[in-house]
Amino acid sequence: MTHRRKATSAALSACAVAAALVVTACSDSGSAPASTPELGQAELALLTRSGGQPLDEARLFHAETELIASCMTAKGFPYRVDAFAPATGSYEEREIGLDTRRREGYGLYARFSKERARKAADTDGPTNDQYVARLPAGEADAYLRALRGTPADLREIRFGAGSTVTFSAVGCEADSRRRLFGDLDAWAAAMHIPQNLNASLTDQVARAPRYTAALRDWRTCMREKGHPYPTPEGASERLRTEFRERGATEELRRREIAVAVGDGECAARSHIPSTALSLRKQYAAALPVADRSRLRKVAEIWSRAVARARDVSPTVRSHPTTDG
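Residues numbered from 1 in each chain as written. Predicted model: local features only at pLDDT ≥ 70, side-chain atom pairs only at ≥ 80, totals over all residues. Heavy atoms only, no water.

**Quick look at the overall build of the chain**
Okay, step 1: For the chain, the count of helices and strands is 17 helices and five strands.
Okay, step 2: Counting over 324 residues, the chain shows a buried share of 46%.
Okay, step 3: In the chain, the proportion of contacts linking residues at least 24 apart, taken out of those at least 6 apart, comes to 76%.
Okay, step 4: With the model as given, the accessible surface of the chain reaches about 16400 Å², and the carbon-plus-sulfur share is 52%. (Helix = DSSP H or I, 4+ residues; strand = E, 2+ residues; numbered from the N terminus. Buried < 20%, exposed > 50% of the residue type's maximum accessible area, 1.4 Å probe, protein only. Contact = heavy atoms within 4.5 Å. Areas by Shrake-Rupley, 256 points an atom, 1.4 Å probe, with all protein chains shown as cover.)

Okay, structure coming up:
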């Protein structure tokens, strides 16, 4: 269930969050000691969502939903906990997801087809969001108050320019995050600082000769398959526009799957994901000292949260993943 809503409380600055996490410096210039060591495997995995990080992320999400369910049950409300479903396979296989592409394409038909969404809910049972949507207004309000309080309970944290996280400080959702991360500042930082730092490397990666060469190979491969798009993003965006204009037709669904599968096969042939991953790790080593210090602190928070998640769900088994 989404936690983003309009904030009604004063925002905290990124520097305030950094202070709460004992992270040095809040400017990209950085004032941390020059002896700051290089980023290790744990920090790079968290930054790039590689290595064992997807498994840890799935474990944390599952533990969070179990804690929420226990809390909601104690308050007299149902809450569905989905099966633990960690990502498997190599980094490139996970990023491409060919099996999913063969079934769903980019997921656009499902998104634009309301009838398909209703059938999925009837088959698999409603998600928590769908369950709340079916409740009478008064019952829905009571459910949401138990889950995440009221709009007056919202907090907002800014992580640099243009990056704002809004969440509730009360309710079962907030309580579960405190149980795992210690406090909500730590949760917000662990969830968003690596994501923001990773995004800051995107332009460098896109300009790198190794990446542009891989992208040229991808374009050649796609043309050979009859899908002349300039980039993978361009392919999915063009189809998204057509779905908006024409609706979720069967012809578009078939074409979406064909393009998405071709995109994935060409990405695998050109090694787009592994090339991008290698470049992100390379450029991460040159991040400002202050950013590396924040990332290192966040990796420590993340590691402790994963250990707590294992205590919540001790029967969950590890599924090996590689970055090959």
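Having seen it, we continue.
**As for the nonpolar core**
Nonpolar side chains tend to gather and get buried jointly when the protein is soluble and globular.
Okay, step 1: Formed by 59 residues in total, the largest nonpolar core has its most connected members in Leu60, Phe181, Tyr211 and Trp218.
Okay, step 2: One finds Ala69, Val132, Leu135 and Tyr143 within the second-largest nonpolar core, a separate group that totals 12 residues. (Core = buried A, V, L, I, M, F, W, Y, C linked by side-chain atoms within 4.5 Å.)

**Let's talk about the pairing of strand 4 (residues 164-168)**
Okay, step 1: Buried residues dominate strand 4, accounting for four of its five residues.
Okay, step 2: Inspection of the sheet shows strand 3 (residues 154-158) paired to strand 4 by five bridges, in the antiparallel sense. Residue pairing for strand 4: Leu154 is matched across the bridge by Ser168. (Pairing = 2+ DSSP bridges.)

**A closer look at the state of the cysteines**
Okay, step 1: Applying the stated criterion across every chain yields a total of two disulfides.
Okay, step 2: Disulfide pairing places Cys71 opposite Cys172 at an S-S distance of 2.0 Å. Measuring handedness by torsion sign, the sulfur bridge of Cys71 and Cys172 sits at about -75° and is left-handed. Placement of the pair is Cys71 in helix 3 (residues 53-74) and Cys172 in helix 10 (residues 172-181), with a sequence separation of 101 residues. The pair Cys71 / Cys172 is uniform in exposure class, with both members buried.
Okay, step 3: If you count the bonded cysteines of the chain from the N-terminus, they pair up as 1-2, 3-4. (Disulfide = S-S within 2.5 Å.)

**A short note on helix 2 (residues 41-48)**
Okay, step 1: Most of helix 2 is tucked away: six of the eight residues are buried.
Okay, step 2: For helix 2, every residue scored as buried is listed here: Glu43, Leu44, Ala45, Leu46, Leu47 and Thr48.
Okay, step 3: Each element contacted by the buried residues of helix 2 is listed here: helix 3, helix 4 (91-96), helix 11 (184-199), helix 16 (272-284) and helix 17 (289-312).
Okay, step 4: The positive-phi residue at the C-terminal boundary of helix 2 is Arg49, with phi of around 55°.

**A closer look at the packing of aromatic side chains**
Okay, step 1: By the definition in use, this model includes five aromatic pairs.
Okay, step 2: Centre to centre, the rings of Phe167 and Trp187 are 5.4 Å apart; their planes meet at 75°, and the pair counts as edge-to-face. Within this pair, whereas Phe167 is found in strand 4, its partner Trp187 is found in helix 11, the two being separated by 20 residues in sequence. We note that Phe167, like Trp187, is buried. (Phe/Tyr/Trp six-rings, centres within 6.5 Å; stacked < 30°, edge-to-face > 60°.)

**Let's talk about unusual backbone geometry**
What is expected of a backbone is that most residues other than glycine have negative phi and most peptide bonds are trans.
Okay, step 1: Unlike most non-glycine residues, Arg49 shows phi in positive territory, near 55°.
Okay, step 2: Looking at where Arg49 falls in the secondary structure, it is placed in the loop between helix 2 and helix 3.
Okay, step 3: Look at Arg49 and you get partly exposed, because its relative accessible area is 36%.
Okay, step 4: With phi around 55°, His271 is a residue other than glycine that occupies positive phi space.
Okay, step 5: Looking at the secondary structure, you find His271 in the loop between helix 15 (250-270) and helix 16.

**What to know about the side chain of Gln53**
Okay, step 1: The residue Gln53 is located in helix 3 in this model.
Okay, step 2: For Gln53, the residues in contact, after removing those within four places along its chain, are Ala45, Leu46 and Trp302.

**Here we look at the confidence of the model for the chain**
Okay, step 1: On average, residues of the chain score 85 in pLDDT, and 81% of them are at 70 or above.
Okay, step 2: Note that residues 1-35 has pLDDT below 50 and, in this model, 84 contacts with residues that lie over four places away or in other chains. (pLDDT = per-residue confidence, 0-100.)

**Thoughts on the side chain of Glu256**
Okay, step 1: For Glu256, the position within the fold is in helix 15.
Okay, step 2: Note on Glu256: relative accessible area 0%, which makes it buried.
Okay, step 3: Of the polar contacts made by the side chain of Glu256, one reaches the backbone nitrogen of Tyr106; its length is 2.8 Å.
Okay, step 4: A polar side-chain atom of Glu256 sits 2.9 Å from the main-chain amide nitrogen of Gly107. (Polar contact = N/O pair within 3.5 Å; in protein donor to acceptor, adjacent residues only side chain to side chain.)

**Digging into helix 10**
Okay, step 1: Most of helix 10 is tucked away, with seven of its 10 residues classed as buried.
Okay, step 2: Of the surrounding elements, those touching the buried residues of helix 10 are helix 3, helix 9 (137-148), strand 4, helix 11 and helix 17.
Okay, step 3: Looking one or two residues past helix 10, Gly182 carries a phi angle of roughly 100°, positive in sign.

**Things to note about the pattern of salt bridges**
When charged atoms on two side chains of opposite charge get close, those side chains can pair.
Okay, step 1: Across all of its chains, the model carries 21 salt bridges by this definition.
Okay, step 2: Its salt-bridge partner being Arg177, residue Glu173 comes within 3.7 Å of it at the nearest N-O pair. Of this pair, Glu173 and Arg177 both sit in helix 10, separated by four residues, roughly a single helical turn. The burial state of Glu173 is the same as that of Arg177; both residues are buried.
Okay, step 3: Lys225 serves as the salt-bridge partner of Glu265, at 2.9 Å between the closest nitrogen and oxygen. With Glu265 in helix 15 and Lys225 in the loop between helix 13 (209-224) and helix 14 (232-246), this residue pair connects regions lying 40 residues apart in the sequence.
Okay, step 4: A residue is classified by how much of its surface remains accessible, and Glu265, at 31% relative accessible area, is partly exposed.
Okay, step 5: Linked through salt bridges whose partners overlap, the residues forming this network are Arg238, Glu242, Arg246, Glu251 and Arg255. (Salt bridge = Lys/Arg side-chain N within 4 Å of Asp/Glu carboxyl O.)

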